[in-house]
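# Coordinate inspection notes
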Amino acid sequence: MAYISLNDQYINQFVHAHELVQIQPMINTADQLLRSGTGAGHTFRGFLNWPVTYDKLELQRIKDTAALIQHNSEIFISIGIGGSYLGQRMAIAYLNGNFYNDNPNRHTPQILYAGNSLSSAYLADLLTLLDGHDFAVNVISKSGTTLEPSLAWRVLKQKLQVQYGDDEIKNHLFITTDRQHGALKAEALAKGYQTFVIPDDIGGRFSVLTPVGLLPIAVAGGDITQLLQGAADARLAYHDPDIMHNDAYRYAALRNILYRKGYAIELLESYEPNLHYFSEWWKQLMGESEGKDGKGIYPSAANFTTDLHSLGQYIQDGRRILMETVLNVAKVPHDLSVPTDADNYDGLNYLAGRSINQVNHTAYTGVIQAHLAGGVPVMSVDIPELSAYSLGYLIYFFEIAAAISGYLNGINPFDQPGVEAYKKNMFALLKHDNEME
């Protein structure tokens, strides 16, 4: 039995048994395209076997580098955008809870981010925050020319040079980039900076289990060995194309059956605030993998019960175009009991002594009942606990589901032509403005 499981018991009124039988041959074809390397984008299938083929020596070097950073830096800045940013941020939040940076008992560096916007105000605030502190920088970019991280790198490079000089800077600066090519690789070679490799056959949104994500996660104290082990075990669990035995493929099948019935938006929901950035990572994974050729399920997200007070009305009574997938965590790291209040002004003493996590889970059950009654399909992905192992497993579940789902829709799940289009326009406009000045 898979460690992460799909609960589709609530789907029966929306998807019938014969529909699953009918989609199985299409799943088999998608699986063959993926496994044999005959499908579109086949050169970016490296994520499939990465959890067992990764470079063990580089993993140790990542651990050693993380230990160095933990020793010599109070603040760690990760420069990157998209797949170079979202995966690590979601993992650090998943593993370290809601207030990692503010925890006075933390023995690892504060983790900050740059290069994920073009905000001058953000960079100025960051520079001010760094004053008087030892810090390290990890620049993550395959090409080294993506505008947002490149501008942030230029700004922070000056700060590093002023604070540490040409010799000491090498203990505070680490580059994650292409093995052989690109602007960052050339700079690292010329300056003697330590580098880590972004694999050629793994795209950005699939890269969290590579050095792209592993170094920042390790700096924050994450167990990256267990993270990879979870993904390795998921690789075995989700190998059989039979959707009665493969929950990741079954998830891909169910969401595509619903999509063909007009449910064009998928809401990924969780009841734990520290899973917010998991949803952000998932939105890029699904949006870039499926949203092309005029097709694709629109990925959205909600944090419950918070967003029930803003989105709940639409979900319950709005257009019937939404399907829901809930990340359901069985065991949270900490639980509290509802205290007794002598005055009982709020009338909640009937909950006194009850677990707050139990109350949260009751809310989850009640919301599902209400939404099903309102005609909204609901699935859940059940996670036993928030651990490095479960996270690696969960990442692999969604990565392979995204690939299969893309092939079910007849598109290349590994490219992102729309992203390249906006970049081309942006650079053209910037060059034009420069020529006009």
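Residues numbered from 1 in each chain as written. Predicted model: local features only at pLDDT ≥ 70, side-chain atom pairs only at ≥ 80, totals over all residues. Heavy atoms only, no water.

Under an unreviewed UniProt entry, the protein has the name Glucose-6-phosphate isomerase and belongs to Candidatus Paralactobacillus gallistercoris. As its UniProt record puts it under Catalytic activity (unreviewed entry), the protein is described as follows: "alpha-D-glucose 6-phosphate = beta-D-fructose 6-phosphate". The record in UniProt for the protein states the following under Function (unreviewed entry): "Catalyzes the reversible isomerization of glucose-6-phosphate to fructose-6-phosphate." (UniProt positions renumbered as here; feature names shortened; annotations may be inferred.)

### What about the environment of E385?
Topologically, E385 is positioned in strand β10 (residues 378–385). Since its relative accessible area comes to 31%, E385 is described here as partly exposed. Residues E385 and L327 lie 58 residues apart in sequence; the distance between their C-alpha atoms is 11 Å. Within polar-contact distance, the side chain of E385 engages the side chain of Y3 at 3.4 Å. (Helix = DSSP H or I, 4+ residues; strand = E, 2+ residues; numbered from the N terminus. Buried < 20%, exposed > 50% of the residue type's maximum accessible area, 1.4 Å probe, protein only. Polar contact = N/O pair within 3.5 Å; in protein donor to acceptor, adjacent residues only side chain to side chain.)

### Comments concerning helix α8 (residues 211–219)
Among the nine residues in α8, nine count as buried, and that is most of the element. Listed in full, the buried residues belonging to α8 are P211, V212, G213, L214, L215, P216, I217, A218 and V219. Backbone geometry just after α8 places G221 at a positive phi near 95°.

### Focus: the nonpolar core
With 106 residues, the main nonpolar core has L34, Y238, Y251, F278, W281, F398 and I400 as its most contacted residues. The leading source of residues in this core is helix α14 (residues 388–408), at 16 residues. If we skip the residues at most four places from it in the chain, W281 touches L86, G87, M90, R205, V208, I395, F398 and E399. If you look at the next biggest cluster of nonpolar residues, it comprises 22 residues, including L123, L156, Y164 and L184. (Core = buried A, V, L, I, M, F, W, Y, C linked by side-chain atoms within 4.5 Å. Contact = heavy atoms within 4.5 Å.)

### Overview of the pattern of salt bridges
Enumeration over the complete set of coordinates arrives at 13 salt bridges. Where R61 meets E58, a salt bridge forms, and the shortest distance between an N and an O atom there is 3.3 Å. Residue R61 and its partner E58 are both found in helix α3 (residues 56–72); the two are separated by three residues, about one turn of the helix. For R61, a relative accessible area of 31% gives the class partly exposed. With relative accessibility at 10%, the residue E58 sits in the buried group. One salt bridge in this structure joins R255 and E266, with 2.7 Å as the shortest N-O distance. Taken together, the positions of R255 in helix α10 (residues 247–259) and E266 in strand β7 (residues 265–270) put the pair 11 residues apart, joining distant regions of the chain. Accessibility assignment for this pair places R255 and E266 in one class, buried. Three or more residues are tied together by salt bridges with common partners; here these are K142, D178 and D200. (Salt bridge = Lys/Arg side-chain N within 4 Å of Asp/Glu carboxyl O.)

### Points about the side chain of E399
Summarising the element assignment, E399 is placed in helix α14. One buried charge, E399, has no salt-bridge partner; the nearest side chain with opposite charge is R205, at 9.1 Å. Apart from residues no more than four positions distant in its own chain, E399 is found in contact with F47, R205, F206, V208, W281 and L285. (Lys, Arg positive; Asp, Glu negative; His and termini not counted.)

### Comments concerning the UniProt feature "active site" (unreviewed entry) in the protein
Here, UniProt's "active site" (unreviewed entry) annotation points to E288 and K423. For E288, the position within the fold is in helix α11 (residues 276–290). Every residue in contact with E288, bar those within four places of it in the chain, is listed here: R205, K283, D415, Q416 and V419.

### Let's talk about helix α13 (residues 356–373)
Each full turn of the α-helix corresponds to 3.6 residues, which orients residues three or four apart in the same direction. Spanning 18 residues, α13 covers 26 Å between terminal C-alpha atoms, matching the ideal 26 Å at 1.5 Å per step. Taken residue by residue, α13 has N357, N360, Y364, V367, I368, H371 and L372 as its buried positions. End-on, the buried residues of α13 take up no more than an arc of 125°, which puts them together on one face. Along α13, exposed side chains directed more than 90 degrees from the buried face belong to Q369 and A373. Elements in contact with the buried residues of α13: α12 (312–317), β9 (322–331) and β10. Capping the start of α13 is the job of one residue whose side-chain oxygen sits 3.2 Å from the backbone nitrogen of N357: S355. (Expected span 1.5 Å × (residues − 1). Arc of directions from axis to C-beta.)

### Let's talk about the pairing of strand β6 (residues 194–197)
As defined by bridge partners, strand β5 (residues 173–177) adjoins β6 across four bridges and the pair is classed as parallel. The residue of β6 that forms the bridge with T177 is V197. This β-α-β element, β5 to helix α7 (residues 183–191) to β6, shows right-handed connectivity. (Pairing = 2+ DSSP bridges. Right-handed = clockwise from strand over helix to strand, strands pointing away.)

### So, the packing of aromatic side chains
Tallied over the full model, the rule gives 21 aromatic pairs. Pairing Y94 with F278 gives two aromatic rings, centres 6.5 Å apart and planes at 40°, and the pair type is tilted. Taken as a pair, Y94 in helix α4 (residues 86–96) and F278 in helix α11 lie far apart in primary sequence, 184 residues in all. Y94 sits in the buried class, given a relative accessible area of 2%. Of the aromatic side chains, those joined through ring pairs into one cluster are Y3, Y94, Y238, Y251, F278, W281, Y389, Y393, F397 and F398. The side chain of K56 reaches across the aromatic face of Y54, ending 4.3 Å from its centre. Above the plane of the ring of Y100 lies R106, whose end atom (NZ or CZ) is 5.4 Å from the centre. (Phe/Tyr/Trp six-rings, centres within 6.5 Å; stacked < 30°, edge-to-face > 60°. Lys NZ or Arg CZ within 6 Å of the ring centre and 35° of its normal.)

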